[in-house]
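The residues making up each chain are set out below.
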Amino acid sequence: MEHIKVKKLIGENAMTLDDGEVLFRQIHELLIRGETVELDFDGVEIFATPFFNAGIGRLLADLQPEILKAHLKIQHLSALGDRVLRRVIENAKEYYSSSSEHRKAIDSIVHETTATM
Amino acid sequence: MQVHFDFTQCGFLRPNAVVFLGGLVRIINDRGGKARLDVSTMQQGVRANLEINGFAYAMGANLSPWKGNSIPYREDSFQDENGIVEYLKKNWLGRGWINISPNLMNAIASQMWEIYTNAFDHSGSGVGVLSCGQYFPKRRELVLAVADFGVGIPSNVRIHKEDPILSGKCAMQWAFTRGTSTAKKLGPRGMGLDLLKEFIRVSQGGLAIYSHDGYARITKDGEFYQDLPVFFEGTLVQVTLRCDDIYYSLSNEADPAPYF
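Residues numbered from 1 in each chain as written. Chains lettered and ligands numbered in written order. Predicted model: local features only at pLDDT ≥ 70, side-chain atom pairs only at ≥ 80, totals over all residues. Heavy atoms only, no water.

## Focus: the overall build of chain B
Within chain B, the regular secondary structure consists of 8 helices and 7 strands. Contacts spanning at least 24 positions in sequence make up 62% of the contacts within chain B whose residues lie at least 6 apart. (Helix = DSSP H or I, 4+ residues; strand = E, 2+ residues; numbered from the N terminus. Contact = heavy atoms within 4.5 Å.)

## Digging into the interface of chain A and chain B
Between chain A and chain B, the contact holds 44 residues from the first and 47 residues from the second. The interface formed by chain A and chain B contains 2 salt bridges. With a shortest N-O distance of 3.4 Å, Lys89 of chain B and Glu45 of chain A are connected by a salt bridge. Broken down by secondary-structure element, the contributors of at least two residues to the side of chain A that touches chain B are α2 (17-32), β4 (46-47), α3 (49-55), α4 (65-71), β5 (72-75), α5 (79-97) and α6 (100-115) of chain A. Sorting elements by how many residues they give to the side of chain A that touches chain B places α5 of chain A first, with 15 residues. (Salt bridge = Lys/Arg side-chain N within 4 Å of Asp/Glu carboxyl O.)

## Side note on the pattern of salt bridges
Summed over the entire model, instances satisfying the criterion amount to 18 salt bridges over all chains. Asp76 of chain B serves as the salt-bridge partner of Arg74 of chain B, at 2.7 Å between the closest nitrogen and oxygen. Each member of the pair Arg74 of chain B and Asp76 of chain B is classed as buried. If you follow the salt bridges from partner to partner, you end up with Glu21, Arg25 and Arg58 of chain A in one network. (Buried < 20%, exposed > 50% of the residue type's maximum accessible area, 1.4 Å probe, protein only.)

## Some remarks on the pairing of strand β3 (residues 37-40) of chain A
Residue and element names in this part refer to chain A. The side-chain alternation of β3 yields two buried faces, one formed by Val37 and Leu39 and the other by Glu38 and Asp40. As paired elements, β3 and β5 share 4 bridges and run parallel to each other. From the neighbouring strand, Leu39 faces β5, where its bridge partner is Ile74. (Pairing = 2+ DSSP bridges.)

## With respect to the layout of surface pockets
Residues and elements named next belong to chain B. In this structure, the second largest pocket occupies an estimated 270 Å³ of space. If you trace the second largest pocket, you find 17 residues lining it, with Leu37, Val39, Ala56, Met59 and Ala61 closest to the centre. Counting only elements with at least two residues in the lining of the second largest pocket, the list comes to α1 (15-30), β2 (34-37), α2 (44-52) and α3 (55-58). (1 Å grid on protein atoms, 1.4 Å probe; cavity = no way out; pocket = protein on both sides within 12 Å on 5 of 7 lines; lining within 4 Å. Points joined across faces, edges and corners; volume = space filled by probe spheres on them.)

## Brief notes about the sheet that holds β3 of chain A
The strands that make up a sheet are held in pairs by hydrogen bonds between backbone atoms, and each pair lies either parallel or antiparallel. Residue and element names in this part refer to chain A. Strands sit in the order β1-β3-β5 across an open sheet of 3 strands; the sheet is parallel. Every interior strand has two partners, whereas the edge strands, β1 (2-5) and β5, have only one. The mean inter-strand angle of the sheet, taken between neighbouring strand axes irrespective of direction, is 20°. Running at roughly 155° to β3, α2 makes contact with β1, β3 and β5 of the sheet. (Axes fitted to C-alpha atoms, helices over the stretch in contact; angles between N-to-C directions.)

## Some thoughts on the sheet that holds strand β5 (residues 141-148) of chain B
All names here are of chain B. Spatially, β3-β4-β5-β7-β6 is the arrangement adopted by the 5 strands of the open sheet, whose pairing is antiparallel. Either end of the sheet is taken by a strand with one partner, and the two such strands are β3 (70-76) and β6 (206-219). Each adjacent strand pair in this sheet contributes to an overall mean axis angle of 15°, direction not counted. As paired strands, β6 and strand β7 (residues 222-242) are joined by 13 bridges and run antiparallel to one another. Paired with Ala208 across the strands is Gln238, a residue of β7. Together, β3, β4 (129-136), β5 and β7 form the strand contacts of helix α4 (residues 81-93), whose direction differs from that of β3 by roughly 165°. This element, helix α6 (residues 153-161), spans β6 and β7 of the sheet and lies at about 110° to β6.

Below you can see the structure in the form of structure tokens.
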């Protein structure tokens with residue numbers, strides 16, 4: 001099992017795409033190989049979606065949610081981080097599971113809504 | 001080319017006007033022109049405000065800023081996340097105008113960062129990102145304005161959707177729909193503004209965005225989009241927070257459900 005202290009890796013602000021990319025590079029290969037990764041967020045205070053999108057949401061491109069549920073452990077994540085991460089995962093699941101037709105349908109709904117405003 | 005700014009008819013410069021003015025000056029200078037801010041035409045209050053918030057100092061005046069009710073004028077040419085978070089926590093949220101816990105301060109700073117990250121990621125602004133704020137004691141409101149002078153939201157959406165005649169209103173509505181993003185790198189994007197909108201609604205604040213020919217306003221009462229009759233070369237975001245802690249609630253409990 002690989003234990004990663006996120007604060008040591010990127011500092012106390014987990015906000016940018018670049019920092020998310022750093023995290024992704026640390027964990028992606030390990031998870032692909034079937035290893036278990038513990039992400040310890042102790043001491044990380046601020047979280048924003050670009051970090052989680054690039055670091056964790058993107059894992060869903062080639063790893064199934066069941067694999068991540070079993071092999072990616074999240075520790076000491078604050079309530080703020082918890083809320084942001086859940087929203088990012090929810091969005092990533094939709095993103096990677098939706099077809100281009102589905103995305104077009106969302107676009108047309110937006111068009112129809114604005115036409116009546 | 002010399003551009004002369006006359007402030008004769010100006011009674012007050014709100015933070016959005018300050019960042020807009022700062023951006024204009026930088027653009028004019030960038031393009032080889034010269035901007036001249038005519039201090040002699042400024043009413044005393046306008047001049048004092050620009051001195052207090054550090055705008056005058058940033059423009060080359062030999063005046064050290066002080067704080068008063070203003071949140072300092074700031075220009076960022078690169079994504080200095082630690083510096084911007086410090087600015088938000090210390091100069092905007094940490095001045096005692098709003099009584100919030102350190103956890104809530106982190107949460108609000110996190111939401112505001114989403115504005116900055118959009119400005120840095122999407123705009124390609126040649127003059128960076130400009131910020132300024134103000135506390136309005138009578139209204140008990142805390143305002144932050146963030147501007148870039150880049151390609152703008154409608155333009156990015158039109159390119160992304162390959163729809164060059166999409167109206168500014170429709171483009172703004174698309175950009176503020178949950179899960180949409182014009183960004184292509186590093187996986188799915190687009191939840192930052194969704195979280196920000198949710199926060200604004202719950203805290204009964206306000207969010208106004210001017211971008212090229214599109215305008216969006218988000219309040220507790222809903223979302224409003226319209227075409228702008230004038231064209232603003234960039235994106236200007238203004239956030240208004242209520243300074244009463246009863247509007248802010250944040251659970252300190254993480255959700256026990258699995259993430260995936």
